[in-house]
Amino acid sequence: MTFFKAENISIDFGGIRAVNEVSFDVEKGTVFTIVGPNGAGKTTIFNIISRIYNLSEGRITFEDKDITHVPAHQVVNLGIARTFQNIELFEHATVLHNLLIGRHIHCRSTFFSDLFFLPSLKRMELEHRRKVEDVIDFLDLQHYRNQLIQNLPYGVRKIVELGRALCTEPKLLLLDEPASGLNVDETEDMSFWIDDIKKLLGISVIMVEHNMKLVSQVSDHVLAINYGRVLADGKPREVQENPDVIKAYLGEDKDV
Amino acid sequence: MRIIFKTSYLQDIKLLKHNGYIFWYGILLFALLIAPAVLGEFYIGEMAFIFIYAIAGLGLMIPVGFTGLPSLGHAAFMAIGAYANAYFLHKGIPFFISIFLAGLISFSVGALITIPLRKMTGIYFAIASLAFAIIVEEIIAHWKSVTGGLGGMSVDYPVIFGFELDSTWHFYFLCLAILLAVLYCALNLVRSPSGRAFIAIRDSEISAESMGINLSIYKIKSFAISGFFTGLAGALFAHRLSYLTPDAFNFLLSIQLLMMVVVGGLGTVHGAIFGAIFVGLLPQVIAIAKDYLPPAIGQFPGLEPGLFGIIMVLFIIFEPMGLYGRWVKFKLYFDMFPLYRKATFKRQKTYLKTERVQ
Ligand SMILES: Nc1ncnc2c1ncn2[C@@H]1O[C@H](COP(=O)(O)OP(=O)(O)OP(=O)(O)O)[C@@H](O)[C@H]1O
Ligand SMILES: [Mg+2]
C-alpha cells in the first residue's frame, strides 16, 4: 500500500496552469521535500492537498483512500495537518488557546454540554490540556504558554504553528517553509524537531523549503519543480546535482 | 500585586479563578440583591433595563466579538422575542414557557438566516444582516393577525405560578435571574470547544478550517445561540415597553446594541456588561446635559443617534478594547505600580474585521 500518492495533479487559475501533471509518492515514516524557485507552485500543491483549491485534473490518495473530494475541514480528520507559509495563527488568543484549537477534532462535546459545561466536558478538557502540555514540553514553549500570539516574535510563532499542527495528532504533516524567517540557531532547532517528529512521533512529513542545508539534513526524498512541472525526483544529493535544477535556480545562460 | 502560581489544569478552566473573584463578585451580587430595598422605584426600573441590555449585549457579543460576524440587524431578534412572547402570553401560555418559546423561535430564525449568510464576510455580512432586520420589521408591520401591525399590541404582565409580577421590583429580580443564567451560559461557551472554534473563525477562517472546524456549522451555532439570548432580552423588553409597535425595533436599536459591544470591549464577556451600563446611562446623561446646553444644540433633532455614532467612532479609534480594556489597564496600573509601562498594550488591535473584504 502507498501511504500518500499524488497522480497527475493539475490546476488552472484562469489561463495559468500553476501545477501541471505532477505525480509523486510519499512513503510512511519519511520526510519528503518539495523544492523549486519562487512561484513554482509549491504552496499551491499544499493548498490542493488541504482542499483549499479544487483540482482541475488528477487524483490524490492517502492510505489507499481517494481524498480528492473530501471537504476542507475533513482533511485533518484523515490525519493530515499543515502549517502556512505566512503563519495563520489565532492572533488574539494565547498560545495555549491556539494549541487547544489544534485539539478540535478530538473534542467530542455537544453544543448543549458546552453551554452548561457538564462534568463530562470538564473531564475531556483536562485530558486535552494534558495532551497540549506534552506538545508544549516537546517544543519548549513553556515560557510562552499564556502569551497572546500578537505579542510573540516571528520565530516563536512559527514554532507555535508547528505545535498546533502536532496537537491534531496527525499521521502526515505538511510544513510550508518551516525555516523561512528563522535565524541560524532557530533553523538548527527546527531541523532537530523535524527529525524528532519523524523518528520519535512517527509522523511522516511533506515539506516545502528553500534552505538547502536544512533540506539535505532532514529529507529522505526531494522533488524539484518549476513552472508547475516536475524537474527532478530523487535523493537530496541527486536532485541538487541535477543540471535542470541548477539551471532553474541560476537562470538560463543564453550564451551556451 | 497578586502572583498566581498555577498548579493544576483546572485553574485555567474554573470560572472563579481565585478567592479575590469570589469576594468581589459576592459583594456585587449582594448589592444587586438588596438594591430594591434601598433604591427608589425609578432606579430599580432603570437597572432592570440595563439588565435587559446586558442580556442582549451578551447575545450580540457572541457573533460580533467572538466569531467576528458583524451584525447590523440584531434589533430583529429583539423584535422576534418581544412579539413572540406577547403573542404566547395573549394565548394564555404560562410565562416561563412563553419566554422560552420566544427564545427558541429567535434561535431558529438565527440559525436559518445564517445559512445564506455563512459565506459572506465583513461589510457584506453586515449589509445582509441589516437587510434581514428590515425584512423582519416589514413582516411585523404587515402580519396584523399576530402582531397587530402598525397599530401595535399590548403585553400582559408576566404570571408565574399564579403570581402576577406587576411591580417594578418583581420585574427587577426576573431580569436579574435571567441575566445571571445567560451570563453563566455565555461564560461556559467561551471556555468550551465551541467558544474556541468561534474565536478561531474570527482570527483566521482558513486556518480554522484546516484545524477541522466546519465554518458553516459554527457560524450557524454562533448566530443561533445569539438569537436565543437576544430573543430572551426582547421578551423582557416587551414587558418593559408594555405596548409593542414595529418602530420600537428599528435600525437605531441595532446600532445601539452594536455600540454597546464595541464600547464595552469586543471579544470579552465583561465588555457586554460594561457596554450595557454605558448605553443604559447615556440617555440619562444626555437628558441632563440638554438642560445645560444652549437650545440650538440641546433641542437639535437627532442629537442622540448622532452622539451614539460619534462615541462609537471615538472608541474604535482610541480604545479598541473598549471600556473593559480601559478597566484592565487601570487595574494593571495599580497591580504593577510603580512598574507600569505605557507600552504594555501597544500592539492591541480591534477585532471587528469589517475591513477584511475578500
Ligand atoms: N488563487 C490563485 N489565483 C491565481 N493564481 C494563483 C493563485 N494561487 C497561486 N497562483 C499562482 O500560482 C503560481 C504558484 O504559486 P505558489 O504560491 O504555489 O508558489 P510557490 O512555489 O509556493 O512560491 P514561493 O516560493 O514564493 O512560496 C504563481 O504564479 C501564483 O501567482
Ligand atoms: Mg509558497
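Fair warning: this is a prediction, and the values are worked out from it, not measured in the lab.

Thresholds applied
- Residues numbered from 1 in each chain as written.
- Chains lettered and ligands numbered in written order.
- Predicted model: local features only at pLDDT ≥ 70, side-chain atom pairs only at ≥ 80, totals over all residues.
- Helix = DSSP H or I, 4+ residues; strand = E, 2+ residues; numbered from the N terminus.
- Rg over C-alpha atoms; globule rule 2.2 N^0.38 Å.
- Buried ≥ 20, exposed ≤ 12 C-beta atoms within 10 Å, placed from the backbone.
- Contact = placed C-beta atoms within 7 Å.
- Near = placed C-beta within 6 Å.
- Nonpolar A, V, L, I, M, F, W, Y, C, P; charged D, E, K, R; others polar.
- Domains from an automatic or database assignment.
- Pairing = 2+ DSSP bridges.
- Axes fitted to C-alpha atoms, helices over the stretch in contact; angles between N-to-C directions.
- Expected span 1.5 Å × (residues − 1).
- Core = buried A, V, L, I, M, F, W, Y, C linked by C-beta atoms within 7 Å.
- pLDDT = per-residue confidence, 0-100.
- Parallel < 35°, antiparallel > 145°, perpendicular 65-115°, else oblique.
- Right-handed = clockwise from strand over helix to strand, strands pointing away.

A few points about the overall build of chain A
Part 1 of the argument: Counting its secondary structure elements, chain A contains ten helices and ten strands.
Part 2 of the argument: Against the 2.2 N^0.38 benchmark of 18 Å for 256 residues, chain A shows a C-alpha radius of gyration of 19 Å, consistent with a compact globule.
Part 3 of the argument: Considering only C-alpha atoms, chain A reaches an extent of 70 × 40 × 35 Å along its principal axes.
Part 4 of the argument: Looking at the 256 residues of chain A, the share that counts as buried comes to 41%.
Part 5 of the argument: Sequence separation of 24 or more characterises 66% of the internal contacts of chain A that already satisfy a separation of 6 or more.

Brief notes about the site of ligand 1
All names here are of chain A.
Part 1 of the argument: All residues in the neighbourhood of ligand 1 are listed as Phe13, Ile16, Ala18, Gly36, Asn38, Gly39, Ala40, Gly41, Lys42, Thr43, Thr44 and Gln85.
Part 2 of the argument: Elements with a minimum of two residues in the shell around ligand 1: strand E2 (16–26) and helix H1 (42–49).
Part 3 of the argument: The leading source of residues in the shell around ligand 1 is H1, at three residues.
Part 4 of the argument: Its residues assigned to classes, the shell around ligand 1 comprises four nonpolar, seven polar and one charged.

Brief notes about the domain arrangement of chain A
Residue and element names in this part refer to chain A.
Part 1 of the argument: By domain assignment, chain A separates into domain 1 (1–79 + 170–256) and domain 2 (85–169).
Part 2 of the argument: Spacing between the C-alpha centres of domain 1 and domain 2 amounts to 26 Å.
Part 3 of the argument: Taken together, the contacts link 13 residues of domain 1 with ten residues of domain 2.
Part 4 of the argument: Only helix H2 (75–78), strand E7 (172–176) and helix H7 (184–199) provide two or more residues apiece to the side of domain 1 that touches domain 2.
Part 5 of the argument: Residues that form the side of domain 1 that touches domain 2 fall into these classes: six nonpolar, four polar and three charged.

Observations concerning the sheet that holds strand E10 (residues 229–234) of chain A
All names here are of chain A.
Part 1 of the argument: Ordered in space as E6-E7-E8-E3-E9-E10, the six strands form an open sheet in which the pairing is mixed. The open sheet is flanked by strand E6 (80–82) and E10, the only strands paired with a single partner. Between one strand axis and the next, the sheet turns by 15° as a mean value, whatever way the strands run.
Part 2 of the argument: Pairing between strand E3 (residues 31–35) and strand E8 (residues 204–208): four bridges, direction parallel. Across the sheet, the residue bridging to valine 31 is valine 205, located in E8.
Part 3 of the argument: Packed onto the sheet, helix H10 (residues 243–250) meets strand E9 (221–226) and E10 and runs at close to 130° relative to E10.

Considering the sheet that holds strand E1 (residues 4–13) of chain A
All names here are of chain A.
Part 1 of the argument: In space, the four strands of this open sheet follow the order E2-E1-E4-E5, with antiparallel pairing throughout. What marks the edges here is a single partner per strand, and that holds for E2 and strand E5 (65–66).
Part 2 of the argument: Of the pairings in the sheet, the one linking strand E4 (residues 57–62) to E5 comprises two bridges and is antiparallel in character. Among the inter-strand pairings, phenylalanine 62 is bridged to a residue of E5, identified as lysine 65.
Part 3 of the argument: Strand contacts of H1: E1, E2 and E4, with the helix running at about 70° to E2, the strand carrying the most contacts.

Quick look at the interface of chain A and chain B
Part 1 of the argument: Taken together, the contact pairs 35 residues of chain A with 27 residues of chain B.
Part 2 of the argument: Elements with a contribution of two residues or more to the side of chain A that touches chain B: H2, helix H3 (95–102), helix H4 (111–116) and helix H5 (119–138) of chain A.
Part 3 of the argument: Split into classes, the residues belonging to the side of chain A that touches chain B amount to 16 nonpolar, eleven polar and eight charged.

Observations regarding helix H6 (residues 154–167) of chain A
Residues and elements named next belong to chain A.
Part 1 of the argument: Spanning 14 residues, H6 covers 20 Å between terminal C-alpha atoms, matching the ideal 20 Å at 1.5 Å per step.
Part 2 of the argument: Burial analysis of H6 places ten of its 14 residues in the buried class, the great majority of the element.
Part 3 of the argument: Buried within H6 are the following residues: Lys158, Ile159, Val160, Glu161, Leu162, Gly163, Arg164, Ala165, Leu166 and Cys167.
Part 4 of the argument: Trailing H6 by a residue or two, glutamate 169 shows a phi angle of about 55°, which is positive.

Examining the nonpolar core
Part 1 of the argument: With 167 residues, the main nonpolar core has Val205 of chain A together with Ile52, Ile55, Met78, Ala79 and Leu232 of chain B as its most contacted residues.
Part 2 of the argument: Per element, the largest residue contribution to this core is 16 residues, and it comes from helix H3 (residues 41–67) of chain B.
Part 3 of the argument: No fewer than three residues from each of domain 1 (1–79 + 170–256) and domain 2 (85–169) of chain A sit in this core.
Part 4 of the argument: The contacts of methionine 78 of chain B, once residues within four sequence positions are left out, are Ala56, Thr230, Ala233, Gly234, Phe237, Phe249 and Leu253 of chain B.

Section: the confidence of the model for chain A
Part 1 of the argument: Confidence along chain A averages 92 in pLDDT terms, with 98% of residues attaining 70 or more.
Part 2 of the argument: Element-level pLDDT for chain A is lowest in H10 of chain A, with a mean of 83, against a maximum mean of 97 in E6 of chain A.

Here's the deal with the packing of helix H8 (residues 168–191) of chain B against helix H11 (residues 215–241) of chain B
Residues and elements named next belong to chain B.
Part 1 of the argument: Look at H8 against H11: their axes get within 11 Å of each other, and the N-to-C directions meet at 175°. What the angle tells us is that H8 and H11 run roughly antiparallel. Here Phe171, Cys175, Ile178 and Val182 of H8 come into contact with H11, specifically with Phe229, Leu232, Leu236 and His239.
Part 2 of the argument: Grouping the constituent residues of the contact of H8 with H11 by class yields seven nonpolar, one polar and no charged.

Brief notes about the confidence of the model for chain B
Predicted coordinates in regions of low pLDDT should not be interpreted in detail.
Residues and elements named next belong to chain B.
Part 1 of the argument: Predicted confidence across chain B gives a mean pLDDT of 86, with 91% of residues reaching 70 or more.
Part 2 of the argument: Every residue in residues 348–358 is under pLDDT 50, and counting partners more than four places away or in other chains gives 26 contacts.
Part 3 of the argument: With pTM at 0.90, the complex prediction returns an ipTM value of 0.92.

Points about the pairing of E7 of chain A
All names here are of chain A.
Part 1 of the argument: Across the five residues of E7, five count as buried, placing the element largely inside the fold.
Part 2 of the argument: Alternating residues of E7 divide into Leu172, Leu174 and Asp176 and Leu173 and Leu175, and every residue in both groups is buried.
Part 3 of the argument: In terms of strand pairing, E6 meets E7 through three bridges, oriented parallel. The partner of alanine 81 across the bridge, within E7, is leucine 173.
Part 4 of the argument: One ladder, built from five bridges, connects E7 with E8; its direction is parallel. Directly across from leucine 175, in E8, lies its bridge partner methionine 207.
Part 5 of the argument: Where the polypeptide runs from E7 across H7 and back to E8, its parallel neighbour, the crossover connection is right-handed.

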